[in-house]
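Observations on chain architecture
Residues per chain are reported as follows:
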Amino acid sequence: MDWNAIVQGILSVGAQVLIPILIMILGLIFGMKPSKAVTSGLYLGTGFIGMSMAINQLTQTVSPAAKALAKYTGINLPAVDFGWTGAASITWSWTLAFLFFAVEIVVNIIMLLAKLTDTMNADMWNVWGVALTGYMVYQISGSLIWGFICGAIQVMICLKLGDMWSKEIANMLGYEGVTVTHIEAFTAIIMSPINKLMDYIPIFNREWDATALKRKIGVFSEPVVMGSIIGLILALAGRYSIGDALNLAVTVGAVMAIFPVMAKFFMDALTPFGSTMSDFMKKHVKGRTFVIGLDWPILGQSTELWVTMVLMIPVSIIYAAILPGNTILPIAGVINYCIGVGGLLLTGGNLLRMLVLGVIYEPVFLYGASYFANIFTKLAKSSTSIKVPAGSQVSWSSIEAPELRYAMAWAGRGNIWAIIGLIALLAIFWWLYRSFKKNPIPALKYQKPTAKTK
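Rules behind the numbers
Residues numbered from 1 in each chain as written. Predicted model: local features only at pLDDT ≥ 70, side-chain atom pairs only at ≥ 80, totals over all residues. Heavy atoms only, no water. Patch = residues over 30% accessible without salt bridge, like charges linked within 9 Å, V, L, I, M, F, W, Y side chains within 5 Å. Areas by Shrake-Rupley, 256 points an atom, 1.4 Å probe, with all protein chains shown as cover. Salt bridge = Lys/Arg side-chain N within 4 Å of Asp/Glu carboxyl O. Helix = DSSP H or I, 4+ residues; strand = E, 2+ residues; numbered from the N terminus. Buried < 20%, exposed > 50% of the residue type's maximum accessible area, 1.4 Å probe, protein only. Axes fitted to C-alpha atoms, helices over the stretch in contact; angles between N-to-C directions. Parallel < 35°, antiparallel > 145°, perpendicular 65-115°, else oblique. Left-handed = near helix turned anticlockwise from the far one by under 90°. Contact = heavy atoms within 4.5 Å. Nonpolar A, V, L, I, M, F, W, Y, C, P; charged D, E, K, R; others polar. 1 Å grid on protein atoms, 1.4 Å probe; cavity = no way out; pocket = protein on both sides within 12 Å on 5 of 7 lines; lining within 4 Å. Points joined across faces, edges and corners; volume = space filled by probe spheres on them. Expected span 1.5 Å × (residues − 1). Bend = angle between axes of the 7 residues up to and from the residue. Core = buried A, V, L, I, M, F, W, Y, C linked by side-chain atoms within 4.5 Å. Polar contact = N/O pair within 3.5 Å; in protein donor to acceptor, adjacent residues only side chain to side chain. Pairing = 2+ DSSP bridges. Phe/Tyr/Trp six-rings, centres within 6.5 Å; stacked < 30°, edge-to-face > 60°.

Examining a nonpolar patch on the surface
A cluster of nonpolar side chains, namely Ile416, Trp417, Ile419, Ile420 and Ile423, defines an oily patch on the protein surface of about 540 Å² accessible area. Looking at where Ile423 falls in the secondary structure, it is placed in helix 17 (residues 416-438). With a relative accessible area of 54%, Ile423 lands in the exposed category.

And the structure:
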């Protein structure tokens, strides 16, 4: 029996089907009525599909503008950016990739039983990210065992990240009983030292979320207006004609306005699910609360998230042009979800902090993509899903947690600096984790309490 083919067949339905089915099953386990469990699952699927359509539209709209901007800056780089979709596609072509499902499930069960986490990860579709880490580590370290160990370490990190974010997500978005377990959020770890320094600079401790901006600048803070302005600036930077520039402006504004609407389906799905799970825990497991780990699009109603990611597009293009040693032009991965998701969860939606952190840390991803281009290219050439142009390389300009993957890979080869770097990353992670446990909603230090937190 070809287990790899079976697993890939199941995964081919996509996150918009797989995750809702898991939520339906969990809902029934926690005591939801079948009708409510089915409705919650379908609403969740609707949210994922709607969000994916909006994201795809945004990517298709801004990518030509990014290319035009790159053209007029004279950038000519050898590595082709195939984005996360290309990375996922070639990862599943690795014959051992499906074994990381066992790693994900076994580690999660052990940590739940040992009371080392309260997160049950339902985001099984993104196991490919764990498998990708295993492959990268294996290729550099030469040890398949170390590759699987690093995959297990990544699973543990994601579960603890889920524990960290649950109260923050409930505060910002009103979703009880769910969290984000995506490795994208690890960006918050490397951002945290600079974010801590910002605590001592008064301007960063003011209200900079969308609600506060609305009070200060009125209609210009509306997602549709803000998106249109950003789209127009991006178009003019790419020397679009007036008609094309206006078209881009309207399209980006429309997509920015659609994101919160699509996110409402997450609320309709997750509110009854969270309430049911909470009632179940109070009745059957006193003294303990579980949360369900989901993919990052549940954060999609945050205006700050999208504003940050779109404004970072010209920044990433400029960096690509001026950074010595960079080999990749951000196109398919030009919308850096790691910057947006990590910054949002770390700062609670403080837009100024998110943008400054994005500018500081964007080079990490370009250099990570440049370094891992050889490995991506090797894996892509062994796959039939991606065609590598002759004489070119492929990579992913917004690769998730490049610093963690690099440190784990070279630590496996006994490199002393990589070992020190890995220890340092895990130490910062532990420090931030303890900080969130003591103060689970740090953004309240520099923002007024919302209706949900009073």
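Next comes the rest of the account.
A word on the packing of helix 4 (residues 83-91) against helix 15 (residues 373-381)
At their nearest, the axes of helix 4 and helix 15 sit 9 Å apart, and the two run at 55 degrees to each other. Overall, the two elements helix 4 and helix 15 adopt an arrangement that is oblique. Between helix 4 and helix 15 the crossing geometry is left-handed. Between helix 4 and helix 15, the residues in contact are Ala87, Ile90 and Thr91 and Phe376, Leu379 and Ala380, respectively. Here the contact of helix 4 with helix 15 is built from residues that sort into five nonpolar, one polar and no charged.

A closer look at the layout of surface pockets
Volume-wise, the largest pocket comes out at about 640 Å³. For the lining of the largest pocket, the elements supplying multiple residues, two or more each, are helix 2 (15-29), helix 3 (34-72) and helix 4. The element that contributes the greatest number of residues to the lining of the largest pocket is helix 3, accounting for seven residues. Of the residues contributing to the lining of the largest pocket, the split by class is 15 nonpolar, nine polar and three charged. In this structure, the second largest pocket spans a volume of roughly 500 Å³.

Observations regarding helix 14 (residues 351-371)
Its 21 residues place the ends of helix 14 30 Å apart at the C-alpha level, agreeing with the 30 Å of an ideal helix rising 1.5 Å per residue. In the structure, helix 14 departs most strongly from a straight axis at Ile360, where the bend amounts to approximately 40 degrees and where the proline Pro363 lies between one and four residues downstream.

Details of the pattern of salt bridges
Charged atoms that come close allow side chains of opposite charge to pair. Across all of its chains, the model carries three salt bridges by this definition. Of the charged contacts, one joins Asp163 and Lys160 as a salt bridge, the two residues approaching to 3.6 Å between their closest N and O atoms. Of this pair, Asp163 and Lys160 both sit in helix 7 (residues 144-173), three residues apart, which is roughly one turn of the helix. Both residues of the pair, Asp163 and Lys160, count as buried. Residues joined in a network through salt bridges with shared partners are Lys196, Asp199 and Arg353.

Points about the nonpolar core
Trp165, Ile292, Leu299, Trp306 and Phe376 are the most contacted members of the largest nonpolar core, which has 139 residues in total. What Ile292 contacts, discounting residues up to four positions off in sequence, is Ile23, Leu26, Phe30, Met120, Ala122, Gly177, Val178, Thr179, Phe273 and Met277. Membership of the second largest hydrophobic core comes to seven residues, among which are Ala320, Leu323, Ile328 and Leu366.

Notes on the side chain of Thr308
Its place among the elements puts Thr308 in helix 12 (residues 303-322). Sequence-distant contacts of Thr308, that is, excluding residues within four places in its chain, are made with Ile339, Leu351, Met354 and Leu355.

Quick word on helix 17
The end-to-end C-alpha distance of helix 17 is 33 Å, a good match for the 33 Å that 23 residues give at a rise of 1.5 Å each. Inspection of helix 17 places Ala418, Leu422, Leu425, Phe429, Leu432, Tyr433 and Phe436 among the buried residues, and these make up the whole buried set. Each element contacted by the buried residues of helix 17 is listed here: helix 7, helix 8 (187-198), helix 13 (337-347) and helix 16 (402-411). The backbone nitrogen of Trp417 has a side-chain oxygen 3.0 Å away, supplied by the residue at the start of helix 17, namely Asn415.

Quick word on unusual backbone geometry
With the exception of glycine, most residues fall at negative phi, and the peptide bonds are largely trans. Phi at Lys115 is positive, roughly 60 degrees, even though this residue is not glycine. Within the secondary structure layout, Lys115 lies in the loop between helix 5 (100-113) and strand 2 (119-121).

Quick word on the sheet that holds strand 4 (residues 291-294)
Strand order across the open sheet formed by three strands is 2-4-3, with parallel pairing between neighbours. Looking at which strands have only one partner, the edges of the open sheet turn out to be strand 2 and strand 3 (178-180). Averaged over all pairs of adjacent strands, the angle between strand axes in this sheet comes to 35 degrees, irrespective of strand direction. In this structure, strand 3 lies alongside strand 4, joined through three bridges in parallel fashion. Paired with Thr179 across the strands is Gly293, a residue of strand 4. In this fold helix 7 packs onto strand 2, strand 3 and strand 4, with an angle of close to 120 degrees to the strand it touches most, strand 3.

A short note on empty space enclosed by the protein
This model, assessed by the stated rule, comprises three cavities of 30 Å³ or more. Surrounding the largest cavity, 14 residues form its lining, Asn126, Val130, Cys158, Thr181 and Ile183 being those nearest its centre. At the level of secondary structure, the elements contributing two or more residues to the lining of the largest cavity comprise helix 6 (127-141) and helix 7. When the residues that make up the lining of the largest cavity are grouped by side-chain class, the tally is five nonpolar, six polar and three charged.

Describing the packing of aromatic side chains
Throughout the structure, instances matching the rule amount to 14 aromatic pairs. Here the aromatic rings of Trp128 and Trp396 are separated by 5.8 Å at their centres, their planes lie at 35 degrees, and the arrangement is tilted. On the criterion of sequence distance, the pair formed by Trp128 in helix 6 and Trp396 in the loop between strand 5 (393-395) and helix 16 is long-range, its members being 268 residues apart. Trp128 sits in the buried class, given a relative accessible area of 1%. Here Trp396 falls in the buried class, since its relative accessible area comes to 3%. Consider the rings of Phe186 and Phe429, whose centres lie 6.5 Å apart with planes at 40 degrees: the pair is tilted. Of the two residues, Phe186 sits in the loop between strand 3 and helix 8 while Phe429 sits in helix 17, which places them 243 residues apart along the sequence. Taken individually, Phe186 and Phe429 each receive the classification buried, so the pair is uniform in this respect. Every member of this aromatic cluster is reached through a ring pair, and the members are Trp94, Phe100, Tyr135 and Phe148.

Everything listed here is a matter of coordinates, which is why it stays silent on function.
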